[in-house]
Amino acid sequence: GQQVMQIPQYQHVQEGEDFTTYCNSSTTLSNIQWYKQRPGGHPVFLIQLVKSGEVKKQKRLTFQFGEAKKNSSLHITATQTTDVGTYFCAGPSGSGNTGKLIFGQGTTLQVKP
Amino acid sequence: DTAVSQTPKYLVTQMGNDKSIKCEQNLGHDTMYWYKQDSKKFLKIMFSYNNKELIINETVPNRFSPKSPDKAHLNLHINSLELGDSAVYFCASSRRRAGGKDTQYFGPGTRLTVL
């Protein structure tokens, strides 16, 4: 079945270091979404990428969608303690007409002050 | 104003009991979902309703039964609870279901512990 995989599963960084999480889909995606879940919280939508090769920035966060629309990445520059949490990528299942999203396993980021 | 709310936030119960979790959204969305998040944080969809109609029913034991009395509410009833049901259950909603392009808004979650 369709799978969405993320690496790494965990990442510990010193505050100020950069961080990247990678997302790979077994199938071509029409779009990819990224969510952030703070410890003890719920997933919160960050961004959606739709176009092949698309790059979007939100302050220190840079999101990329691969040319083949099968992979994506999230890069955080100069991490801060507020970046702590689990980052999920998610892609629509099949044709997407059910609204079903397949989530990656998530990358949990710890930032040491 | 809470967009997607769930009750209760915590639920501790004994094996074999029956329990319900309630979810309400005030966003005017057509589609609502139930997810299960296990201890490794893996998020798996269980059910989805669009305008009170069941559209996603994943491979979930039939002890789990969703009910949508109207498009703003989606409840989850679980019969004969088992230890493996312990998890965080999230309700979510999206404006529509078409294309899988709509942002999903998650509720705060219900942490279920089965003893």
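Preceding this paragraph is the structure being described.
Residues numbered from 1 in each chain as written. Chains lettered and ligands numbered in written order. Predicted model: local features only at pLDDT ≥ 70, side-chain atom pairs only at ≥ 80, totals over all residues. Heavy atoms only, no water.

Engineer: Which residues make up the state of the cysteines, and what values do they have?
Structural biologist: Applying the stated criterion to the full structure yields two disulfides over all chains. In this model, A:Cys23 is linked to A:Cys89 through a disulfide, with the two sulfur atoms separated by 2.0 Å. Taking the torsion about the sulfur-sulfur bond, which here is approximately 80°, the covalent link between A:Cys23 and A:Cys89 counts as right-handed. One end of the pair, A:Cys23, is in strand 3 (residues 19–25); the other, A:Cys89, is in strand 9 (residues 85–92), and 66 residues separate them in sequence. Both residues of the pair, A:Cys23 and A:Cys89, belong to the buried class. Between the sulfur of B:Cys23 and that of B:Cys91 lies a disulfide, 1.8 Å long from S to S. (Disulfide = S-S within 2.5 Å. Helix = DSSP H or I, 4+ residues; strand = E, 2+ residues; numbered from the N terminus. Buried < 20%, exposed > 50% of the residue type's maximum accessible area, 1.4 Å probe, protein only.)

Engineer: Would you mind going over the packing of aromatic side chains in detail, with residue names and values included?
Structural biologist: The full count for this structure, using the stated rule, is twelve aromatic pairs over all chains. Between the aromatic rings of B:Phe90 and B:Phe106, the centroid separation amounts to 6.2 Å while the plane-to-plane angle is 85°, which identifies the pairing as edge-to-face. Placement of B:Phe90 in strand 9 (residues 87–94) and of B:Phe106 in strand 10 (residues 105–106) is noted, with a sequence separation of 16 residues between them. The burial state of B:Phe90 is the same as that of B:Phe106; both residues are buried. Cluster of aromatic residues (ring-pair linked, three or more members): A:Tyr35, A:Phe45, A:Phe88, A:Phe103, B:Tyr33, B:Tyr35, B:Phe90 and B:Phe106. (Phe/Tyr/Trp six-rings, centres within 6.5 Å; stacked < 30°, edge-to-face > 60°.)

Engineer: Please set out the interface of chain A and chain B residue by residue, giving values where relevant.
Structural biologist: Every contact between the two is made by 23 residues of chain A and, on the other side, 24 residues of chain B. In total, about 1,900 Å² of surface goes out of reach between chain A and chain B, with carbon and sulfur atoms giving 54% of it. Of all residues in chain A, A:Thr98, A:Lys100 and A:Phe103 give up the largest surface area on contact with chain B, accounting jointly for 24% of the area buried on that side. The interface formed by chain A and chain B includes one salt bridge. Summed over the shared surface of chain A and chain B, the number is four residue pairs in polar contact (both at pLDDT 80 or more). Looking at the side of chain A that touches chain B, the elements that each hand over two or more residues are strand 4 (32–37), strand 5 (44–49), strand 9 and strand 10 (101–103) of chain A. Looking at the side of chain A that touches chain B, its residues break down into seven nonpolar, 15 polar and one charged. (Contact = heavy atoms within 4.5 Å. Buried area = accessible area lost by both parts, 1.4 Å probe. Salt bridge = Lys/Arg side-chain N within 4 Å of Asp/Glu carboxyl O. Polar contact = N/O pair within 3.5 Å; in protein donor to acceptor, adjacent residues only side chain to side chain. Nonpolar A, V, L, I, M, F, W, Y, C, P; charged D, E, K, R; others polar.)

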